[in-house]
Amino acid sequence: WNEAALIAESIRSVKAYVDRFIVVDGAFSTNPADGPVGSTDGQRAVVERACAGRPLTYIVPPARLEEHEARNLSLSRLADGEWAFLLDADEILIADRLVMLELLASLPEAGAVSVPIYSTAILFQGYADEMSREDFETAPIISTCGHQPRIVRRSPDLHYQRDEPRPGVFTHNVLWRADELVEGS
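As the structure is a prediction and not an experimental result, all values here were calculated from the model. (Residues numbered from 1 in each chain as written. Predicted model: local features only at pLDDT ≥ 70, side-chain atom pairs only at ≥ 80, totals over all residues. Heavy atoms only, no water.)

1. Some words on the nonpolar core
If you look at the biggest cluster of nonpolar residues, it comprises 22 residues, and the most contacted ones within it are Ile-7, Ile-11, Val-47, Phe-85, Leu-93, Met-100 and Val-115. Where this core is concerned, the elements lending two or more residues are helix 1 (7-14), strand 1 (21-24), helix 2 (43-50) and strand 5 (112-122). The greatest single-element share of this core, amounting to four residues, is contributed by helix 1. With near-sequence residues (within four places) excluded, Val-47 lies in contact with Ile-7, Ile-11, Val-23, Leu-56 and Tyr-58. Residues Leu-75, Ala-84, Leu-86 and Leu-158 belong to the second largest nonpolar core, which totals eight residues. (Core = buried A, V, L, I, M, F, W, Y, C linked by side-chain atoms within 4.5 Å. Buried < 20%, exposed > 50% of the residue type's maximum accessible area, 1.4 Å probe, protein only. Helix = DSSP H or I, 4+ residues; strand = E, 2+ residues; numbered from the N terminus. Contact = heavy atoms within 4.5 Å.)

Structure representation (structure tokens):
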């Protein structure tokens, strides 16, 4: 949501490895900023340019969703067995091309694969869900780099579920298969 300044780099970082794009454009229910559900900063035009040459499904939900609900919405657009590369608009893949090609040529039986991701996030204290609009708009941005489960195989029993909020930890999605934790992010 309103990530026009960042989303093209995110898309371009995986463009060599994907056949199509599914973008869910919506402010999360935890976002205290006023405004409509869909972006107002020209994000859709940026996405269309960045995805040029690949099919694009652009979804604006009817209401604000939690992060795990948005991820599940994107997964619902896939056929069972199809693989997805899930990135937030503020994340980019930083893997070596040959390593990625080798990984994608021999994906494991597991439902999710972690890859190296560079990400930015809002620094906050306490619970992210309780941030005021002023705190959200003025909080510093921090960067992280590490492996995160971002390649996921669609199956009927695989879904994201909301994690329990913890002070100082922004974890609104955990990947589950049926009732078993696959990987958290």
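2. Concerning unusual backbone geometry
One non-glycine residue with positive phi stands out, namely Asn-2, at about 50°. The topology assignment puts Asn-2 in the segment before helix 1. For Asn-2, a relative accessible area of 26% gives the class partly exposed.

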